[in-house]
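# Observations on the model geometry
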Amino acid sequence: MTAATSIRRQRNWGNIGWGVLAWVIGIGFFFPVLWMALTAFKQEGDAYTDPPKLFFAPTLDQFRAVLDGGIGTSLANSAFATVISTILVLALGIPAAFALSLRPVRKTKDALFFFISTKMLPVVAAIVPLYVIVGDIGLLDNIWALVILYSAMNLPIAVWMMRSFFLEVPGEILEAASMDGASLWTAMREVILPLISPGIAATALICVIFSWNEFFFAVNLTAVQAQTIPVYLVGFITGEGLYWARLSAAAVLTALPVILAGWLAQNKLVRGLSFGAIK
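## Things to note about the overall build of the chain
Looking only at helices and strands, one finds 14 helices and two strands in the chain. Counting the 279 residues in the chain, one finds 35% classified as buried. Across the chain, the fraction of contacts at a sequence separation of at least 24, relative to all contacts at a separation of at least 6, is 75%.

Following this line, the structure appears as structure tokens:
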């Protein structure tokens, strides 16, 4: 056996070992999700057994109970706040990121620091003045209050992410479009935006996840009419205890929209998450 062959075998065994370790870690992270999905198909009595019952008669009773319990309104509120706020973030963030990258403004670094500094204040420190302001303008328990706050919450992250994507676009492309007679808007729509579409998809999905899962603003500024899905899930924690099976069914229904969004955008998402990472 030559030295080269020995080294190659060692590398192969090393790759196999790293692969096995990656699978073990991946399964470890995925197991709670799998267990939640399995629990959603159990009766409450089966969900409480100790040790846990691995073999059971699956049922859809918990999903029926959740759907009959008014989850539709909360899902609609979360979907509305998430979609509208994400559209607003992209509409505001794309021009801002473009101005801070391909067409930099004066004191670009100061502007970038201002954007990211808005994320440094703990949310709990701002909830009292926000509550007073939202109450004064009559938006308590109103979904539009969450739309505004989610847009403000996600905009700094979106600007920083999309700026890195814009920086990957060669400036010569914009100059060539200008020499061909294209206006700035035409160059953006026809040339720049198609190039960075994977980055836009990744940014949009991040905003969707943050908005869909946001709890603190929703629990403090909504009550009934604008209740979002995270607040709805808290309702399963009662003085009588936790309804594990029903809570798991509600959590599965809650996670499905985000999972479907990620699955539909996976082609652009994989490229977008690495786009702009290394210049």
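There's more to say after this.
## Some points on helix α10 (residues 197-213)
Given 3.6 residues per helical turn, the α-helix brings residues three or four places apart onto the same face. The end-to-end C-alpha separation of α10 is 24 Å, in line with the 24 Å expected for 17 residues at 1.5 Å each. Within α10, the full set of buried residues consists of Pro-198, Gly-199, Ile-200, Ala-201, Ala-202, Thr-203, Ala-204, Leu-205, Cys-207, Val-208, Ser-211 and Trp-212.

## Examining the nonpolar core
Counting 26 residues, the largest nonpolar core has Ile-94, Met-162, Phe-166 and Ile-192 as its most contacted members. At the level of elements, α4 (71-99), α5 (108-117), α7 (143-167), α8 (171-179), α9 (184-195) and α10 are the ones that each hand at least two residues to this core. Among all residues touching Met-162, those that are not within four sequence positions of it are Leu-90, Gly-93, Ile-94, Ala-97, Ile-200 and Thr-203. Ranked by size, the runner-up nonpolar core spans 16 residues in total, among them Ile-143, Ala-145, Leu-146 and Leu-221.

## Considering the pattern of salt bridges
Inspection of every chain in the model, using the stated rule, returns one salt bridge. Between Arg-64 and Asp-61 there is a salt bridge, with the nearest N and O atoms lying 2.9 Å from each other. Remark: Asp-61 and Arg-64 occur in helix α3 (residues 61-68); sequence separation between them is three residues, near one turn of the helix. Using a relative accessible area of 33% as the deciding quantity, one classes Asp-61 as partly exposed.

## Description of the packing of α4 against α7
Following both chains from N to C, one finds α4 and α7 inclined at 40 degrees, their axes separated by 7 Å at the closest point. One element, α4, and the other, α7, form an angle in the oblique class. The way α4 lies across α7 gives a crossing that is right-handed. Its residues assigned to classes, the contact of α4 with α7 comprises 21 nonpolar, five polar and one charged.

## Focus on unusual backbone geometry
Although it is not a glycine, Asp-141 sits at a positive phi angle of roughly 55 degrees. As for its placement among the helices and strands, Asp-141 is situated in the loop between α6 (123-136) and α7.

## Some remarks on the layout of surface pockets
The volume enclosed by the largest pocket comes to roughly 380 Å³. In terms of lining residues, the largest pocket is bounded by Thr-118, Lys-119, Leu-121, Pro-122, Val-123, Ala-126, Leu-130, Ile-148, Leu-149, Ala-152, Met-153 and Phe-217. Those elements that provide at least two residues to the lining of the largest pocket are α6 and α7. In terms of residue class, the lining of the largest pocket is built from 10 nonpolar, one polar and one charged.

## Points about the side chain of Thr-82
Structurally, the position occupied by Thr-82 is in helix α4. Setting aside its immediate chain neighbours within four residues, Thr-82 contacts Val-208, Ser-211 and Trp-212.

## Considering the packing of aromatic side chains
Aromatic rings considered in pairs are described by the distance between their centres and by the relative angle of their planes. Overall, the coordinates contain four aromatic pairs when judged by the stated rule. Pairing Phe-31 with Trp-35 gives two aromatic rings, centres 6.0 Å apart and planes at 25 degrees, and the pair type is stacked. Residue Phe-31 and its partner Trp-35 are both found in helix α1 (residues 3-40); the two are separated by four residues, about one turn of the helix. Relative accessible area serves as the criterion here: at 44%, Phe-31 is assigned to the partly exposed category.

## Observations regarding the environment of Phe-56
Among the structural elements, Phe-56 can be located in the loop between α2 (44-47) and α3. With 14 residues separating them along the chain, Phe-56 and Lys-42 place their C-alpha atoms 7.1 Å apart. Apart from residues lying up to four places away in sequence, Phe-56 is in contact with Leu-38, Phe-41, Lys-42 and Asp-46.

Reading guide: rules and limits
Residues numbered from 1 in each chain as written. Predicted model: local features only at pLDDT ≥ 70, side-chain atom pairs only at ≥ 80, totals over all residues. Heavy atoms only, no water. Helix = DSSP H or I, 4+ residues; strand = E, 2+ residues; numbered from the N terminus. Buried < 20%, exposed > 50% of the residue type's maximum accessible area, 1.4 Å probe, protein only. Contact = heavy atoms within 4.5 Å. Expected span 1.5 Å × (residues − 1). Core = buried A, V, L, I, M, F, W, Y, C linked by side-chain atoms within 4.5 Å. Salt bridge = Lys/Arg side-chain N within 4 Å of Asp/Glu carboxyl O. Axes fitted to C-alpha atoms, helices over the stretch in contact; angles between N-to-C directions. Parallel < 35°, antiparallel > 145°, perpendicular 65-115°, else oblique. Left-handed = near helix turned anticlockwise from the far one by under 90°. Nonpolar A, V, L, I, M, F, W, Y, C, P; charged D, E, K, R; others polar. 1 Å grid on protein atoms, 1.4 Å probe; cavity = no way out; pocket = protein on both sides within 12 Å on 5 of 7 lines; lining within 4 Å. Points joined across faces, edges and corners; volume = space filled by probe spheres on them. Phe/Tyr/Trp six-rings, centres within 6.5 Å; stacked < 30°, edge-to-face > 60°.

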